[in-house]
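The lines below spell out each chain.
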Amino acid sequence: MAVPKKKVSKSRRNMRRFSAAYKIDKPESSDCAACGNVKRPHRVCKCGFYDGKQVIAVNQPNLPVQA
Ligand SMILES: [Zn+2]
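Treat the numbers as computed from the prediction; the structure is a model and nothing was measured.

Conventions used here
Residues numbered from 1 in each chain as written. Predicted model: local features only at pLDDT ≥ 70, side-chain atom pairs only at ≥ 80, totals over all residues. Helix = DSSP H or I, 4+ residues; strand = E, 2+ residues; numbered from the N terminus. Buried ≥ 20, exposed ≤ 12 C-beta atoms within 10 Å, placed from the backbone. Contact = placed C-beta atoms within 7 Å. pLDDT = per-residue confidence, 0-100.

Participant: An account of the overall build of the protein is needed here, citing residue identities and associated values.
Facilitator: When helices and strands are tallied, the protein shows 1 helix and 4 strands. Listed N to C, the secondary structure of the protein is α-β-β-β-β in terms of helices and strands. Looking at the protein residue by residue over its 67 residues, the buried ones come to 3%. Here the contacts in the protein between residues at least 6 apart in sequence split such that 6% fall between residues at least 24 apart.

Participant: Any chance you could break down the environment of V8 for me, citing the residues and the numbers?
Facilitator: Assignment of secondary structure puts V8 in the segment before α1 (10-25). Excluding anything up to four places from it in sequence, V8 contacts V3 and R13.

Participant: Describe unusual backbone geometry, naming the residues involved and giving the relevant values.
Facilitator: Of note, the phi angle at H42 is positive, near 65 degrees, even though the residue is not glycine. Along the chain, H42 falls in the loop between β2 (38-39) and β3 (49-50). Positive phi, normally seen in glycine, also occurs at D51, with a value near 55 degrees. Inspection of the secondary structure assignment puts D51 in the loop between β3 and β4 (53-54).

Participant: Let's hear about the confidence of the model for the protein: which residues, and what values?
Facilitator: In the predicted model, the protein carries a mean pLDDT of 80, and 81% of its residues have values of at least 70. No element of the protein has a lower mean pLDDT than α1, at 81, and none a higher one than β3, at 88.

Participant: Now, about the environment of H42: what can you tell me, with residues and values included?
Facilitator: Residue class for H42 comes out exposed when judged on the 9 C-beta atoms lying within 10 Å of it. It is 9.3 Å that separates the C-alpha atoms of H42 and S30, two residues lying 12 residues apart in sequence.

So, in structure tokens, the structure goes:
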């Protein structure tokens, strides 16, 4: 929503600009449900897991053992 320029303090304006720039450097991430690694959302994990299913066969000997 548009706000008159003089109503936004320098502090508030700068805080808004900083938080916007900060977000660009930190892309969204989520944890893989299978191996717990950090992964980008809506991407297949390194372990081949996506949406609760093994979608790609990956040979990784250092994966945590699943019960
Ligand atoms: Zn994974």
